[in-house]
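Working through the structure, step by step
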Amino acid sequence: MAVLELSGVTKRFGGLTAVSDFNISIQEGELVGLIGPNGAGKTTVFNLITGMYAPTLGSIEFLGERIDGRKPYEIARRGIARTFQNLRLFKNLTALQNVAIARQLECRYSFFDAAFRTPVFKAEERRVLDDSRELLELVGLGDKAYERAKNLPYGYQRKLEIARALALNPKVLLLDEPAAGMNPEESLNLMDFIEDVQEKFGVTIFLIEHHMEVVMGICDRIVVLNFGCTIAEGTPLEIQEHEEVIKAYLGEVQNDDESHAQG
Amino acid sequence: MILSRVLQQLVNGLSIGSIYALIAVGYSLIYSILRFSNFAHGSFLVVGAYAGFFIVTAMSIPFIPAVLLAILTAGLAAVTTERVAYRPIRERNSPTLYFIIASMGIAIFCEHTIVATIGPKFRTYPRVLAATGVDLGLVSMSKMDVMAAFMAFLFLIVLQYFITRTKQGCAIQAASYDLQAAGLMGVNVNRLVGTVFLIAGILAGLSGVFLGMKYTVYPQLGYLTIKAFVAAIFGGLGSLPGAIAGSLLLGVMEAFIAAFLSSQLRDLFVFSLLIAVLLVKPGGLMGKYVEEKV
Amino acid sequence: MAYIQGVMIIICVNLMGVLGVSLLTGFTGMFSFGHAAYMALGAYTSAILVGRLGMPFVVGLLAAAAFAALASVIIGYPTVRLVGDYFAIAALGFGEATRLILDNGGSLTGGARGFVGVPKHTTLPIAILIVILGAILMRNIINSRFGRSFVAIREDKLAAEAMGINTARSRMLSLAISAAYAGVGGSMFAHYLTFLQPVMFDINKSTELAATVVFGGLGSMTGSIIACIILTSIPEIFRPFYLWRMVFYGLALVTTIVLRPQGLLGSFEITLEGTRRFLTAPFRRRVSAGGGARWQS
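Below is a short write-up of the structure. Counting restarts for each chain: residues are numbered from 1 in the order of the written sequence. Chains and ligands are labelled sequentially in the order written, the chains with letters from A and the ligands with numbers from 1. In view of the model being predicted, local features appear only for residues whose pLDDT reaches at least 70, and side-chain atom pairs are presented and counted only at 80 or more, with totals across whole chains, interfaces and linings using the full set of residues.

Time to look at the overall build of chain C. The helix and strand tally for chain C stands at 12 helices and 2 strands. The linear arrangement of helices and strands in chain C, starting from the amino end, is α-α-α-α-β-α-α-α-α-β-α-α-α-α. For chain C, whose C-alpha radius of gyration is 19 Å, the value lies close to the compact-globule estimate of 19 Å for 297 residues. The dimensions of chain C, computed from C-alpha atoms along their principal axes, are 65 × 50 × 35 Å. The exposure scheme places C-beta atoms from the backbone and then counts, for each residue, the other C-beta atoms within 10 Å of its own, assigning buried at 20 or more, exposed at 12 or fewer, and partly exposed in between. The buried share among the 297 residues of chain C stands at 59%. Contacts here follow a simple rule: the backbone-placed C-beta atoms of the two residues must lie within 7 Å. Contacts in chain C between residues far apart in sequence, at least 24 positions, make up 78% of those at least 6 positions apart. Numbering of helices and strands runs from the N terminus, with a helix taken as a DSSP run of H or I at least four residues long and a strand as a DSSP run of E at least two residues long. For this measure, only C-alpha atoms enter the radius of gyration; the expected value for a globule follows 2.2 Å times N^0.38, where N is the number of residues.

Take a look at the structure:
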């Protein structure tokens, strides 16, 4: 069964159509890539899935249930976690707090428990913090638990954001340009990291990426978006030879920096 | 008889509404650029009102040049405020909360500096125009009100022309969509924000002079801006036509409530209107409420 | 001696308000210039229940907290979903509206002339007891999932929402708690002074609370507490400069935010554990000088 299914999803902002008739069906355990030139509407797709925007037309189903029109926090609680293109960590909080904030979703102690520090509260809190620490260990940030997020090196911040998303215990993980701002070596590292994460957490991953070596290297399937429309879909090999994709990317070379087109 | 009373209140409402519009437009303009509610806006108004009062009473300058001098003072006060308080916050990319706190601090500082130096006394502007009304058949208006409304519309038309027809105005329009992007496209952001504060200060100063003439001048005169804030939200925060429409409507509604219900209910009504608008249509009449961009 | 006791009671009253504002502004990132109104509601609620209906002081205190929290829903409900500016404007309007209602409350509130004959219950030991209890409860809330949600919202509302936090509900909760604290402060105030006037709870009172929190450091409860003790006693010492008091508060707000936005302590907290470590540091290595553990775990 499809974990995530988008059918005929369209989003218009005033006169601008950011995403047009977008369809995708993601199966459990898949790693799907979403690529396309700048402004193609990739992040908008993520914002639609996570409820930041409501689609103008179409439906979004998660595990067979409609989720379009739901609030972002409801969608997150159902099991769709995300990272952001420009890193949205809780900058002044420690790595541990960042993860704990997502992790605490499963805590069910009451306000009264918290105010009077009842045994229930203490047990639940210990569990949240232990789980969070363990998660940081797993992603290799174990020794950074008490560092403020903003003081971590950039690559670690990226990892922390992924760890924070994983703390929600999601079924689907949406990664918005996880390799942005990384050099080729770092992005290769990240590639291993993502594959590792998928293996360890058994999560379905949908990712947006500009670094072609990352996308081509790890994705089972790739969808190419241009001007809000899907222009191609297939395996990495098929995409590399797709005529329209090459055209879309070559078109970009003339007015954009070259790094994006290298792939 | 009823008709004449209704028409009279309509005229009174439009007259005070046009003064609210001067405040609300400047306030909305700042909001559209910097995306924060400038609570110090009332201070610009008070500076204008006091400057006008002292220039008219202490110096023997004719009325019109005196008013121009007063509103220029208010404009400069606004620019200085931006330069000294907001620019450092802006350049650090701080959260909106910091702007709100700083602006409220400025408002309090300004009010109480006036209390401590000039004194808490109410001061009356010298009669510049005869108090006699202009009789328009069914309704009458004081000459002062007629002039205030006329000047308000004159300034708003000039502003409209400036924003839509000049290069700097277009830059302001562009910046209201995205200040940073405008900066990247080569707009001098500091000068642009300065211009916006100059305009907002001048409009607030003008309203201060009119309010001072209509009522009196006192340190708490700036609190009237709360009404203009409500008017701006009512019309759609960040939208200039919305600010004008909201102000005129609020002015008229206030006049009717004061005349036909009770003047004590008037201010309570303004607050209830705010809550009602926020509940039903937070985007106001003409704006649309936009969530922050992801 | 009575004078010093009086100042200390006023410090306790202000502390309750400041703890509330600190939670709202310092930890949740919402700014209110109307918190004096919640104090007023608490004060009048308690004054009416205890003074007119003869109920015990404890009932007055609890009712003050409950009523202030309930009133906060009026401006909270429509604004918690919107950006902070709407809340700030509504809070400002709410402050004015409350004053108007109290001014015109007829025999129930005594109108602008005031409410006389509130029984005196707030003694210094009681006031200190309430504040200590309040501070402990506040610390517990901040160190729980609720407190973490508040801070997450302050840091990045959108990311908080994406992490499954119902930001509207959390913001409402933070506002209600902070209003309840202010309400208790109001009740203490009423039963210390024994008479009330709406003008005691005007915007200047709100400014005092906000300036104290900003000055102490947004995100630091202990900073707010220290700032409150300092800022409440200073004007008492310099009574002759009374006229300049509010000028000073306004200036403190602006200059702190512009020059040192982290305030006195930043988000640093002084804790027992941290103090102990600081004092024993010479015997070890003085690495983390005063490395007071933050209130958040």
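What follows picks up the thread again.
Regarding its fold elements, chain B presents 11 helices and 2 strands. Helices (α) and strands (β) of chain B occur, in sequence order from the N terminus, as α-α-α-α-β-β-α-α-α-α-α-α-α. Dimensions of chain B along its principal axes, counting C-alpha atoms only, are 60 × 50 × 40 Å. Relative to its 294 residues, chain B shows a buried fraction of 50%. Residue pairs at least 24 apart in sequence account for 76% of intrachain contacts in chain B once pairs closer than 6 positions are excluded.

Below, the discussion takes up the interface of chain B and chain C. Tallying the contact residues gives 38 residues for chain B and 36 residues for chain C. In terms of residue count, helix H4 (residues 96–117) of chain B provides more of the side of chain B that touches chain C than any other element does, 15 residues in total. Asp, Glu, Lys and Arg are counted as charged, while Ala, Val, Leu, Ile, Met, Phe, Trp, Tyr, Cys and Pro are counted as nonpolar; the rest, among them Gly, fall into the polar class. Among the residues forming the side of chain B that touches chain C, the class breakdown is 29 nonpolar, 7 polar and 2 charged.

Our next topic: the packing of helix H2 (residues 35–52) of chain C against helix H9 (residues 203–216) of chain C. Residues and elements named next belong to chain C. Inter-axis angles, ranging from 0 to 180 degrees, are taken between N-to-C directions of lines fitted to C-alpha atoms, where helices are fitted over the stretch in contact. Where H2 contacts H9, the axes come no closer than 7 Å and their chain directions differ by 115°. In terms of axis orientation, H2 runs roughly perpendicular to H9. Between H2 and H9, the contacting residues are His 35, Ala 36 and Met 39 on the first element and Lys 205, Ser 206 and Leu 209 on the second. Split into classes, the residues belonging to the contact of H2 with H9 amount to 3 nonpolar, 2 polar and 1 charged. Orientation is classified from the angle alone, with under 35 degrees giving roughly parallel, over 145 giving roughly antiparallel, 65 to 115 giving roughly perpendicular, and any other angle giving oblique.

Glancing now at the sheet that holds strand E5 (residues 65–66) of chain A. All names here are of chain A. DSSP-based pairing: two strands are paired if at least 2 bridges between them are found. Pairing is antiparallel across the open sheet formed by 4 strands, whose spatial order is E2-E1-E4-E5. Because the sheet does not close on itself, it has two edges, and the strands there are strand E2 (16–27) and E5. Where strand E4 (residues 57–62) and E5 come together, 2 bridges link them in antiparallel fashion. Following the sheet pairing, Phe 62 is matched in E5 by Glu 65. Sitting on the sheet, helix H1 (residues 42–49) is in contact with strand E1 (2–13), E2 and E4, with an inclination near 65° to E2.

All right, on to the pairing of E1(A) then. Residue and element names in this part refer to chain A. The sheet contact formed by E1 and E2 spans 8 bridges and is antiparallel. Bridge pairing in E2 places Arg 12 opposite Thr 17. Linking E1 back to E2 in an antiparallel pair, the connection comprises 2 residues, with Gly 14 at a positive phi of about 60°. By the bridge criterion, 5 bridges tie E1 to E4 in an arrangement that is antiparallel. Its bridge partner being in E4, Thr 10 is matched across the sheet by Leu 57.

Between H4(B) and helix H11 (residues 245–259) of chain C, the shortest axis-to-axis distance is 7 Å and the interhelical angle comes to 150°. In terms of axis orientation, H4(B) runs roughly antiparallel to H11(C). Helix-helix and strand crossings are classified by hand; for H4(B) and H11(C) the assignment is left-handed. Facing Tyr98(B), Ile101(B), Ala102(B), Met104(B), Gly105(B), Ile106(B), Ile108(B), Phe109(B), His112(B), Thr113(B) and Ala116(B) of H4(B), the residues of H11(C) in contact are Met246(C), Val247(C), Tyr249(C), Gly250(C), Leu251(C), Leu253(C), Val254(C), Ile257(C) and Val258(C). Class assignment of the residues belonging to the contact of H4(B) with H11(C) gives a composition of 16 nonpolar, 4 polar and no charged. The sense of a crossing depends on the near helix, which, turned anticlockwise from the far helix by less than a right angle, makes the crossing left-handed and, turned clockwise, makes it right-handed.

Further remarks concern the sheet that holds strand E9 (residues 221–226) of chain A. Residues and elements named next belong to chain A. Across the sheet, which stays open at both edges, the 6 strands sit in the order E6-E7-E8-E3-E9-E10 with mixed pairing between neighbours. A strand with exactly one partner marks an edge of an open sheet, and here the two such strands are strand E6 (80–82) and strand E10 (229–234). Strand-to-strand, the axes of this sheet are offset by a mean angle of 20°, without reference to chain direction. Of the strand pairs in this sheet, E9 and E10 are connected by 5 bridges, and their pairing is antiparallel. Residue pairing across strands places Val 223 opposite Glu 233, the latter belonging to E10. Contacting strand E3 (31–35), E6, strand E7 (172–176), strand E8 (204–208) and E9, H1 crosses the sheet at an angle of about 150° to E7.

Residue Glu177(A) is not a glycine yet carries a positive backbone phi of 50°. Considering the arrangement of structural elements, one finds Glu177(A) in the loop between E7 and helix H7 (184–201). Look at Glu177(A) and you get buried, because 21 C-beta atoms sit within 10 Å. Residue Thr194(C) is not a glycine yet carries a positive backbone phi of 65°. For Thr194(C), the position within the fold is in the loop between helix H8 (167–193) and strand E2 (195–196). Classification of Thr194(C) as partly exposed rests on a count of 16 C-beta atoms within 10 Å.

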